[in-house]
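Architecture at a glance
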Amino acid sequence: MPKFLAKPVDMSTGFKDFFDTIGLTGGGLVTKGIAAVIAIIALRMLLQLSSDPKGALRKGSMAVGTLFVAVVLALYGDTLFSTVTEAKG
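Residues numbered from 1 in each chain as written. Predicted model: local features only at pLDDT ≥ 70, side-chain atom pairs only at ≥ 80, totals over all residues. Heavy atoms only, no water.

1. Some thoughts on the overall build of the protein
Note the threshold: Each helix corresponds to a stretch of at least 4 residues labelled H or I by DSSP, and each strand to a stretch of at least 2 residues labelled E; elements are numbered beginning at the N terminus. Whether a residue is buried, partly exposed or exposed follows from its accessible area with a 1.4 Å probe, protein chains only, as a fraction of its type maximum: under 20%, in between, or over 50%, in that order. Pairs of residues are marked as contacts when any of their non-hydrogen atoms sit within 4.5 Å.
On a plain count of helices and strands, the protein comes out with four helices and zero strands. For the protein, the sequential pattern of α-helices and β-strands runs α-α-α-α. Relative to its 89 residues, the protein shows a buried fraction of 15%. Long-range pairs, those at least 24 residues apart, make up 46% of the contacts in the protein with a sequence separation of at least 6.

So this is what it looks like as C-alpha cells:
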C-alpha cells in the first residue's frame, strides 16, 4: 500500500461522522448555505445596476452591504447562532 494515501475513516454512523470530518455541524452547514444564498442574491443585485448614476450608486451600495452581511454570516454565523441552537432542558 502506498504511503501517500490517507488512513481510512470509519463512517458507519452516517452523516454525523461526515460532518465531524469536515468540521461542521448540521447547524453550521445550514448557516453556510444561507450565507451562500445571500451572496448569490448580492451578486445578482450588483449585475442588475441601472444606467442612472444616482440609482446605480444606491443599488450598488445596497448590494455591497448585502455581500458584507453574507461574508460575516459565513465567517461568524456558527458563533452568532450557537446560543439559539443549543436548547437547554
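2. What to know about helix H3 (residues 53-80)
Operational definition: Two axes enter the bend calculation: one fitted to the seven residues ending at the residue in question, the other to the seven starting there, and the bend is the angle between them.
Largest kink in H3: about 55°, centred on Ala74. Those residues of H3 that sit buried are Gly55, Ala56, Gly60, Ala63, Ala70, Leu73 and Gly77.

3. Remarks on the environment of Leu67
One can find Leu67 in helix H3. Here Leu67 falls in the partly exposed class, since its relative accessible area comes to 26%. With 27 residues separating them along the chain, Leu67 and Ile40 place their C-alpha atoms 8.5 Å apart.

4. Concerning the environment of Lys32
Assignment of secondary structure puts Lys32 in helix H2 (residues 26-47). On the basis of relative accessible area, Lys32 is assigned to the partly exposed category, the value being 35%. It is 9.6 Å that separates the C-alpha atoms of Lys32 and Val71, two residues lying 39 residues apart in sequence.

5. Description of the environment of Ile40
As for its position among the elements, Ile40 is in helix H2. Between the C-alpha atoms of Ile40 and Thr66, which are 26 residues apart in sequence, the distance is 9.8 Å.

6. Overview of a nonpolar patch on the surface
So the rule is basically this: Residues with no salt bridge and a relative accessible area higher than 30% make up the patches, which join like charges within 9 Å and nonpolar side chains (Val, Leu, Ile, Met, Phe, Trp, Tyr) within 5 Å. Per-residue and other accessible areas follow the Shrake-Rupley method at a 1.4 Å probe size, with only the shown protein chains counted as cover for residues. A carboxyl oxygen of Asp or Glu within 4 Å of a side-chain nitrogen of Lys or Arg is what we treat as a salt bridge.
On the surface, Val71, Leu75, Tyr76 and Leu80 cluster together to form a nonpolar patch covering roughly 410 Å² of accessible area. Tracing the backbone shows Tyr76 in helix H3.

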